[in-house]
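Working through the structure, step by step
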Amino acid sequence: MRRTHASASLLVVAASVIALAFPAIVAAKTPVDPATLTPPPPPQFNPVCERVGNGIICEVVFTDPLVVDEPSGVVCGGTELLFSQTRSVVGKRFYDADGFLLRRHFHEDVSGTWTNPVTGATASFAGGFTTLHDLAVPGDLASGTSQVTGSVRIYVPGAGTILHADAGRFVLDEATGTVLAQSGQHPFEDYFGNGDLSALDALCSALA
């Protein structure tokens with residue numbers, strides 16, 4: 001009986017300690033006004049910022065305005081394709097104790113269509129990317145490197161995949177815009193960045 005009472009007493013003490021500690025853990029996160037940070041997360045990102053330990057973390061979530069049948073810059077047989085897209089983003093921004101941005105980490109989901117306005121043919125696309133941007137200078141978005149990984153599949157419903165766009169990984173120097181490293185398939189980078197007009201032949205053929 002003594003052991004039972006002793007065990008019960010220990011459980012009560014332990015429960016009391018946990019109960020006292022839990023509010024302290026919750027209280028460790030205090031709200032921070034996003035406008036006081038450098039740079040502040042844009043209001044349209046719906047930021048929720050809290051001071052956590054020796055830093056500040058902002059959670060962001062937003063959806064871009066719809067893009068509907070905009071000129072794409074991709075020309076197939078003399079006809080410029082039209083581009084439609086939806087894009088949604090969730091992520092976090094990490095600041096130091098003084099409110100200077102150190103890192104951005106976010107994931108985006110994209111989907112939409114490519115359309116040939118002459119033939120009326122349409123191809124769909126869907127996929128996502130994850131970006132990790134470590135700033136070299138706290139608070140300076142135009143510093144450091146960004147690593148982007150992911151894939152977008154372009155396909156014709158009922159006919160299968162046409163090509164994989166930007167499938168793989170690349171590392172970008174934010175100060176100069178220079179691609180430092182890349183792997184995988186990046187046909188749109190080849191088309192727009194390197195002037196390889198054959199990089200999107202598969203898309204053009206599908207929409208001819």
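Residues numbered from 1 in each chain as written. Predicted model: local features only at pLDDT ≥ 70, side-chain atom pairs only at ≥ 80, totals over all residues. Heavy atoms only, no water.

1. Focus on the pairing of strand E10 (residues 179–185)
Every regular strand shows the same layout, with side chains that alternate between the two sheet faces. The pairing of strand E9 (residues 160–173) with E10 spans six bridges and is antiparallel. Within the sheet, the bridge partner assigned to Leu 172 lies in E10 and is Val 179. In this structure, the hairpin formed by E9 and E10 is closed by a connection of five residues, where Gly 177 is found at a positive phi of approximately 80°. (Pairing = 2+ DSSP bridges. Helix = DSSP H or I, 4+ residues; strand = E, 2+ residues; numbered from the N terminus.)

2. Focus on the layout of surface pockets
Computed from the structure, the largest pocket encloses a volume of approximately 550 Å³. Lining the largest pocket are 24 residues, with Gln 85, Phe 129, Ala 165, Asp 166 and Phe 188 positioned closest to its centre. Elements with a minimum of two residues in the lining of the largest pocket: strand E4 (67–76), strand E5 (79–95), strand E6 (101–115), strand E7 (122–134), strand E8 (145–156), E9, E10 and helix H2 (187–193). Ranked by residues supplied to the lining of the largest pocket, first place goes to H2 with four residues. (1 Å grid on protein atoms, 1.4 Å probe; cavity = no way out; pocket = protein on both sides within 12 Å on 5 of 7 lines; lining within 4 Å. Points joined across faces, edges and corners; volume = space filled by probe spheres on them.)

3. Section: unusual backbone geometry
Cis geometry is found at the peptide bond from Thr 38 to Pro 39, where omega equals -15°. Structurally, Pro 39 is set in the loop between strand E1 (29–32) and strand E2 (48–52). Residue Asn 46 is not a glycine yet carries a positive backbone phi of 55°. Tracing the sequence through the fold places Asn 46 in the loop between E1 and E2. A positive phi angle, near 50°, is found at Asp 69, a position not held by glycine. Its place among the elements puts Asp 69 in strand E4.

4. A few points about the nonpolar core
Membership of the largest hydrophobic core comes to 22 residues, with the highest contact counts inside it found for Val 74, Leu 81, Trp 114, Phe 125, Ile 154, Phe 188 and Leu 203. Looking at this core, the elements with two or more residues in it are E4, E5, E6, E7, E8, E9, H2 and helix H3 (201–207). The next biggest cluster of nonpolar side chains, apart from the first, holds eight residues, and it includes Cys 49, Ile 56, Cys 58 and Tyr 95. (Core = buried A, V, L, I, M, F, W, Y, C linked by side-chain atoms within 4.5 Å. Buried < 20%, exposed > 50% of the residue type's maximum accessible area, 1.4 Å probe, protein only.)

5. Some remarks on the state of the cysteines
Counted under the stated rule, the structure contains two disulfides. Disulfide pairing is shown between Cys 49 and Cys 58; the S-S distance is 2.0 Å. Residues Cys 49 and Cys 58 are joined through a disulfide that is right-handed, its torsion about the S-S bond being 110°. Taking the relative accessible area as the measure of exposure, Cys 49 reaches 4% and is therefore buried. (Disulfide = S-S within 2.5 Å.)

6. Here's the deal with the side chain of Arg 87
Along the polypeptide, Arg 87 turns up in strand E5. By relative accessible area, which is 19% here, Arg 87 ends up buried. Beyond its immediate sequence surroundings of up to four residues, Arg 87 is in contact with Phe 62, Thr 63, Asp 64, Phe 106, Glu 108, Asp 109 and Val 110. (Contact = heavy atoms within 4.5 Å.)

7. Observations concerning the packing of aromatic side chains
The geometry of an aromatic ring pair is captured by two quantities: the separation of the ring centres and the angle between the planes. Scanning the entire structure with this criterion turns up five aromatic pairs. Measuring from ring centre to ring centre gives 5.7 Å for Phe 83 and Phe 125, while their planes differ by 5°; the resulting arrangement is stacked. Of this pair, Phe 83 sits in strand E5 while Phe 125 sits in strand E7, and the two are 42 residues apart along the sequence. Phe 125 matches Phe 83 in its accessibility class, with the two residues each being buried. Aromatic side chains Trp 114 and Phe 188 sit 5.3 Å apart centroid to centroid with 20° between the ring planes, which places their arrangement in the stacked category. With Trp 114 in strand E6 and Phe 188 in helix H2, the pair connects residues that are 74 residues apart, well separated along the chain. Across the pair, exposure class does not vary: Trp 114 and Phe 188 are buried alike. Among the aromatic residues, those joined into a ring-pair cluster are Phe 83, Trp 114, Phe 125 and Phe 188. (Phe/Tyr/Trp six-rings, centres within 6.5 Å; stacked < 30°, edge-to-face > 60°.)

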